[in-house]
Amino acid sequence: MSAILWTMEEVAARVKHFYEHGIRQEVEHGENIGQMIVIDAETGEYGIDRSGVETALKLKGKKPFARLFTMRIGYDVGVVFGGATMEQVTQ
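This one's a predicted model, so the numbers in the text were calculated from it and none came from an experiment. (Residues numbered from 1 in each chain as written. Predicted model: local features only at pLDDT ≥ 70, side-chain atom pairs only at ≥ 80, totals over all residues. Heavy atoms only, no water.)

Describing the sheet that holds strand β2 (residues 46-49)
Alright, step 1. Strand order in the open sheet formed by three strands is β2-β1-β3, and the pairing between neighbours is antiparallel. Each end of this open sheet is capped by a strand with a single partner; those strands are β2 and β3 (68-72). Sheet twist, expressed as the average angle between the axes of neighbouring strands with direction ignored, equals 20°.
Alright, step 2. In this structure, strand β1 (residues 36-40) lies alongside β2, joined through four bridges in antiparallel fashion. In the sheet register, V38 faces β2, and the bridge partner there is G47.
Alright, step 3. In this fold helix α1 (residues 8-27) packs onto β1, β2 and β3, with an angle of close to 125° to the strand it touches most, β1. (Pairing = 2+ DSSP bridges. Helix = DSSP H or I, 4+ residues; strand = E, 2+ residues; numbered from the N terminus. Axes fitted to C-alpha atoms, helices over the stretch in contact; angles between N-to-C directions. Contact = heavy atoms within 4.5 Å.)

In structure tokens form, the structure reads like this:
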């Protein structure tokens, strides 16, 4: 299986869509605030853990070429992709 050739902007836009249209309502509560969420930009599959590392490894184990995006739940500034926040990438 080969990698999906998306730009950083396309990955961020897809993840933002998944997050805003379903994931946010499921995860932004209680103990999840401040945790890291890792989202597969192709499928919307996600996982949550303290640093995002465990989830990224798990998702990459299922799909080695997955395009993953990591963000901090409940904080806009926790999203960094190549030094840019999600808001900077998708504007």
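Text resumes after the structure shown.
Side note on the environment of V27
Alright, step 1. Position of V27 relative to the elements: it lies in helix α1.
Alright, step 2. Through-space distance from the C-alpha of V27 to that of G47 is 9.9 Å; in sequence the pair is 20 residues apart.
Alright, step 3. Discounting residues that sit within four places of it in the chain, V27 has contacts with Y19, N32, I37, Y46, I48 and I73.

A closer look at the nonpolar core
Alright, step 1. Within the largest apolar cluster, twelve residues are counted, these being V11, A12, V15, Y19, I23, V27, I37, I39, A41, F69, M71 and I73.
Alright, step 2. Among the secondary structure elements, those contributing two or more residues to this core are α1, β1 and β3.
Alright, step 3. Take this core: its biggest share by element is six residues, from α1.
Alright, step 4. Contacts of I37, omitting those with residues within four sequence positions, involve Y19, I23, V27, Y46, G47, I48, F69, T70, M71 and I73. (Core = buried A, V, L, I, M, F, W, Y, C linked by side-chain atoms within 4.5 Å. Buried < 20%, exposed > 50% of the residue type's maximum accessible area, 1.4 Å probe, protein only.)

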